[in-house]
Amino acid sequence: MKILLLVSAFNSLTQRIYCELKEMNHTVSVEFAINDKTMLDEVERFQPDIIFCPYLKKFIPKEIFLKTPTFILHPGIRGDRGHNAIDHALRDERKEWGVVILKANEEFDSGEIYSEVRFEMRDATKASIYRAEVADAASDALKELLRNLDNQEFQPTPQLKAAMHYYLTQEDRAIDWQKDSTKEIIKKISLSDSFPGVRETLLEVECYLFGAWQEDKLKGSPKEIIAKRDGAVCIGTVDGAIWISHLQEIGKFKLPATYVLKEKIKGVKEDRLPLLFDMSYKTFYEISSHKDGDVAYLYFNFHNGAMGAEQCIRLKYAFEYLQESAKVIVLMGAEEFFSNGIHLNILEDSQKQGEDGWSNINAMNDLIKSILFADEVITVASLHKNAGAGGVFLALACDYVLACGNTVLNPHYKTIGLSGSEYHTYTLPKRVGAQKAEKLLNNCLPINAHKAKEIGMIDEVFEKENYFEELRNFLQKLVENEDKYDDFLYSKQDYLQENREFINECKESEIKVMYPEFWDKESLFHKLRHDFVYKVCPMQTPKRLKEV
């Protein structure tokens, strides 16, 4: 079947749908809904059998849906209509939510329903619900839609004639610091997560709040900034305190809170944690670990998967520390992302973009070098969430790479104007061969975990339902036979000794190419990074996403 994805952005959900449809052998093309003419032109050019809209913020011209069956994913249950669907579900503390796929018509969210999938709600942020439960439900709903379209006896269900819920304003989201409890403040920030955030004034800075964490030990007066840590600030509440990890100044872009407040918090105390936090109480932390026998799990919860130079250094030290007491170290990433490589927002904010970019990529390389040459432990990457750019190659530095079946990988850099480093010219060809590696880097397309295993890029795929059980079983097999474990390490040590010079040469060649990309003021990286950080709408759909 020829399927056109009509979208407002090629976001994580759209990428997953794209990969899954390709895996089902459908012919898939993507068109950004820039304006009516571009949409109409693409429909005329591609002549799709159906159109699917997994993420669309514009109305579709009736000339399109009257001619071609057009289906829209709505992140709400039957009867839910309007914007802010997940925001409302979280605000109303719904225990169950879901997605529906409706056939497009002339009335907003009112078309006949062709599939519906429900799920239990978690106590989580809007972005987390969207990237997990909504994404899984959308995948299942799409498969149900395709089955229903093949079933001649299927009859769609009319949408309920419910009123459209209202658009949540900043007044609806606003915090009353003199009345709202810590729990209520976290709820308001969580349901506004990713977009639009909660508008606030902190130390005379007009900004939006993101990333709320409860604090168990510190206390302060309501709205008083009482501590800072790893880019976040701790703010007093009527019954305790919360951490805010990120702020977005009006008209700018999201940054760690301390980067926005700068000298205004110069006298605020730095409340440090151990390198590896034991998670013994509620507070803000980025790096943590727990052990299961001889296996150490290393978590790094970096916002949106972005890793600044300082974060890379801390993670490197944490990894090296764990080598002293573990036989296997598992890189776990975080709940929403594994890693997306260097921190583009921090580089865009920098007054010394070349210097800070250079520092960031070299810190990332130092981290990966520690992993590559860790010859006294077995290293494993657990890609139970998505990874992109340098984050993919961070995973490939490990001895084994395991992934969840719903994971999407973007093993490329060119869309941001970089050639990339992270030892990728060694690790990627080693796994998939030089020809396939070049194709992955140049095509700049996402691939899912199943495709990645098929081409040898990763080692195993476990499905979501039993992922962590299968992961633990795999890890236990690595350590249960001492002779096999020792043989693996002896072979690894011999290989690294023989290839150390070649591996280092790969990295040096990468860095040599990257140098002008960071330091040259006319480098394409600076423009593309700016457009990415400021979320500049593209003027046309990238050719790589169009099927001929």
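Up top is the structure.
Residues numbered from 1 in each chain as written. Predicted model: local features only at pLDDT ≥ 70, side-chain atom pairs only at ≥ 80, totals over all residues. Heavy atoms only, no water.

S.K.: I would appreciate a short explanation of the overall build of the protein chain in the present structure.
M.R.: For the protein chain, the count of helices and strands is 18 helices and 21 strands. A compact globule built from 548 residues would reach a C-alpha radius of gyration of about 24 Å, and the protein chain, at 24 Å, matches this within 12%. Here the protein chain, with 548 residues, has 55% of them falling under the buried criterion. Counting contacts in the protein chain only where the partners sit at least 6 residues apart, residues at least 24 apart contribute 68% of the total. Accessible area of the protein chain: about 25300 Å², with a carbon and sulfur share of 48%. The distance from the centre of the 70 positive side-chain charges to the centre of the 87 negative ones in the protein chain is 4 Å. (Helix = DSSP H or I, 4+ residues; strand = E, 2+ residues; numbered from the N terminus. Rg over C-alpha atoms; globule rule 2.2 N^0.38 Å. Buried < 20%, exposed > 50% of the residue type's maximum accessible area, 1.4 Å probe, protein only. Contact = heavy atoms within 4.5 Å. Areas by Shrake-Rupley, 256 points an atom, 1.4 Å probe, with all protein chains shown as cover. Lys, Arg positive; Asp, Glu negative; His and termini not counted. Charge placed at Lys NZ, Arg CZ, Asp CG, Glu CD.)

S.K.: What am I meant to see in a nonpolar patch on the surface here?
M.R.: On the surface, Leu275, Ile313, Tyr317 and Tyr321 cluster together into a nonpolar patch covering about 400 Å² of accessible area. For Leu275, the location among the structural elements is in the loop between helix 8 (257–261) and strand 13 (287–292). (Patch = residues over 30% accessible without salt bridge, like charges linked within 9 Å, V, L, I, M, F, W, Y side chains within 5 Å. Salt bridge = Lys/Arg side-chain N within 4 Å of Asp/Glu carboxyl O.)

S.K.: Mind showing me how you'd approach the packing of aromatic side chains here?
M.R.: Pairs of aromatic rings are described using the distance from one ring centre to the other and the angle between the two planes. Applying the stated rule across the entire model yields 22 aromatic pairs. Geometrically, the ring pair formed by Trp358 and Phe518 is edge-to-face, given 6.5 Å between the ring centres and 75 degrees between the ring planes. Here Trp358 is found in helix 11 (residues 353–372), whereas its partner Phe518 is found in helix 17 (residues 482–519), with 160 residues between them in sequence. The exposure class assigned to Trp358 is partly exposed, which follows from its relative accessible area of 22%. Seen in terms of ring centroids, Phe393 and Tyr413 are 5.4 Å apart; in terms of plane orientation they differ by 20 degrees. Their pairing is stacked. Highlighted residues: Phe393 in helix 12 (residues 390–396) and Tyr413 in the loop between strand 19 (408–410) and helix 13 (424–432), separated in sequence by 20 residues. Note on accessibility: Phe393 and Tyr413 belong to one class, buried. When the ring centre of Tyr281 is taken as origin, the NZ or CZ atom of Lys217, which lies over that ring, is 4.1 Å away. The aromatic ring of Phe210 is capped on one face by Lys254, whose charged end is 4.1 Å from the ring centroid. (Phe/Tyr/Trp six-rings, centres within 6.5 Å; stacked < 30°, edge-to-face > 60°. Lys NZ or Arg CZ within 6 Å of the ring centre and 35° of its normal.)

S.K.: When you look at the pairing of strand 14 (residues 295–300) in this model, what are you seeing that I'm missing?
M.R.: Within a regular strand, side chains alternate between the sheet's two faces. Most of strand 14 sits inside the fold, with five of its six residues counted as buried. Summarising the sheet, strand 13 and strand 14 pair through six bridges and their orientation is antiparallel. From the neighbouring strand, Ile287 faces strand 14, where its bridge partner is Phe300. What sits between the antiparallel neighbours strand 13 and strand 14 is a turn of two residues, in which Gly293 has the positive phi angle 65 degrees. Taken together, the five bridges between strand 14 and strand 15 (residues 328–333) define a ladder with parallel strand orientation. In the sheet register, Ala296 faces strand 15, and the bridge partner there is Ile329. (Pairing = 2+ DSSP bridges.)

S.K.: Would you take a moment to explain the state of the cysteines for this structure?
M.R.: Here is the idea: a disulfide is a covalent bond, and it sits between the sulfur atoms of two cysteines. Throughout the structure, instances matching the rule amount to zero disulfides. Cysteine Cys53 remains unbridged, with the sulfur of Cys537 as its closest cysteine sulfur at 17 Å. Classification of Cys53 as buried rests on a relative accessible area of 0%. Using a relative accessible area of 62% as the deciding quantity, one classes Cys537 as exposed. (Disulfide = S-S within 2.5 Å.)

S.K.: Explain the environment of Ile235 here, please?
M.R.: Secondary-structure assignment places Ile235 in strand 10 (residues 232–237). Judged by relative accessible area, which is 0%, Ile235 ranks as buried. Residues Ile235 and Leu202, 33 residues apart in the sequence, show an inter-C-alpha distance of 9.9 Å.

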